[in-house]
Amino acid sequence: YMPHCYQANNMPIDIAPYFLMNATALAGKHLYRRYGRTNVCMLNHVGKIEPIAFQTWMNILHTHPTLDLLFLDVPPDTQATLYQHTSYHGVHSSRVQVLEKLLWRRHLFRIGMVCDFALDAFVYGAHTTATDTVWMSIPLFSLRSFGLLGNRMPSRVASSIISNTFSNPHTR
């Protein structure tokens, strides 16, 4: 129940509580990651990524050598460009992974298993992806607004979801 949030979705009640309370699921989390690595997920559509956001993420990876960046459902022809830009920014392409598209419930479960935290695009941010991420108790980093284009509704959805999740007594 989030009456002051731009977007509130009807989430499957059986997914997050199962993951959060199931010791077997939590113990299996290591199967989805490389040892000693932290997975940063960018689960928005790849078309939402603007150059300044990508450069910022590459700077973060360059500064923090144990972070890996995971993208969701990047088309094969775009993957080559993604790896090329990663190398251009001085980050080895092995630190960028592409997750295949899954059915929604499996995708939710994978978010909980794979992501340590998630990043949002700057101008056209996450909508349903933000809801999915927060539902699975994964910290999501989003800007409230960014530059001249940031004071638009598509830039504020994720921050609205985050703000309402943590300020609403019904969601704690």
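These notes cover the structure that comes with them. (Residues numbered from 1 in each chain as written. Predicted model: local features only at pLDDT ≥ 70, side-chain atom pairs only at ≥ 80, totals over all residues. Heavy atoms only, no water.)

1. Quick look at the side chain of Asp68
Secondary-structure assignment places Asp68 in strand 2 (residues 67-72). For Asp68, the side chain forms a polar contact with the side chain of Arg37, separated by 2.7 Å. Discounting chain neighbours no more than four positions away, the residues touching Asp68 are Arg34, Arg37, Thr38, Asn39, Val40, Leu61, Arg95 and Gln97. (Helix = DSSP H or I, 4+ residues; strand = E, 2+ residues; numbered from the N terminus. Polar contact = N/O pair within 3.5 Å; in protein donor to acceptor, adjacent residues only side chain to side chain. Contact = heavy atoms within 4.5 Å.)

2. Some thoughts on the state of the cysteines
Using the criterion set out here, one finds 1 disulfide in the structure. Linked covalently through their sulfurs, Cys41 and Cys115 form a disulfide whose S-S length is 2.2 Å. Handedness of the Cys41-Cys115 disulfide follows from its S-S torsion of about -105 degrees: it is left-handed. Residue Cys41 is found in strand 1 (residues 38-42), and its partner Cys115 is found in the loop between helix 5 (104-114) and strand 4 (117-119); the two are separated by 74 residues along the sequence. (Disulfide = S-S within 2.5 Å.)

3. Here's the deal with the pattern of salt bridges
Applying the stated rule across the entire model yields 2 salt bridges. The residue Asp68 makes a salt bridge to Arg37 at a minimum N-O spacing of 2.7 Å. Of this pair, Asp68 sits in strand 2 while Arg37 sits in the loop between helix 2 (23-27) and strand 1, and the two are 31 residues apart along the sequence. Comparing Asp68 with Arg37, the two get one shared label, buried. Of the charged contacts in the structure, one is a salt bridge between Asp68 and Arg95, with a shortest N-O distance of 3.9 Å. Taken together, the positions of Asp68 in strand 2 and Arg95 in the loop between helix 4 (76-88) and strand 3 (96-99) put the pair 27 residues apart, joining distant regions of the chain. For the pair Asp68 and Arg95, a shared accessibility class is recorded, and that class is buried. (Salt bridge = Lys/Arg side-chain N within 4 Å of Asp/Glu carboxyl O. Buried < 20%, exposed > 50% of the residue type's maximum accessible area, 1.4 Å probe, protein only.)

4. Some points on empty space enclosed by the protein
Counted according to the given criterion, the structure contains 1 cavity of 30 Å³ or more. If you go around the largest cavity, the residues you meet are Val40, Trp57, Ile60, Leu61, Leu67, Leu69, Phe117 and Leu119. Going through the elements one at a time, helix 3 (51-63), strand 2 and strand 4 are the ones with two or more residues in the lining of the largest cavity. When residues in the lining of the largest cavity are grouped by element, the largest group, 3 residues, is from helix 3. Class assignment of the residues belonging to the lining of the largest cavity gives a composition of 8 nonpolar, no polar and no charged. (1 Å grid on protein atoms, 1.4 Å probe; cavity = no way out; pocket = protein on both sides within 12 Å on 5 of 7 lines; lining within 4 Å. Points joined across faces, edges and corners; volume = space filled by probe spheres on them. Nonpolar A, V, L, I, M, F, W, Y, C, P; charged D, E, K, R; others polar.)

5. Observations regarding the environment of Glu100
The residue Glu100 is located in the loop between strand 3 and helix 5 in this model. Spatially, the C-alpha atoms of Glu100 and Pro75 are 9.5 Å apart, while their sequence positions differ by 25 residues.

6. Focus on the sheet that holds strand 5 (residues 140-141)
Strand order across the open sheet formed by 5 strands is 3-2-1-4-5, with parallel pairing between neighbours. Strands at the two margins of the open sheet, each flanked by one partner only, are strand 3 and strand 5. Packing against the sheet, helix 4 makes contact with strand 2 and strand 3, and its axis sits at approximately 160 degrees to strand 3. (Pairing = 2+ DSSP bridges. Axes fitted to C-alpha atoms, helices over the stretch in contact; angles between N-to-C directions.)

7. Topic: helix 4
Compared with an ideal rise of 1.5 Å per residue, which puts 13 residues at 18 Å, helix 4 spans 19 Å between its outermost C-alpha atoms and is within 8% of the ideal. One or two steps after helix 4, the chain reaches Gly90, where phi turns positive at roughly 80 degrees. (Expected span 1.5 Å × (residues − 1).)

These figures come from the coordinates and say nothing about function on their own.
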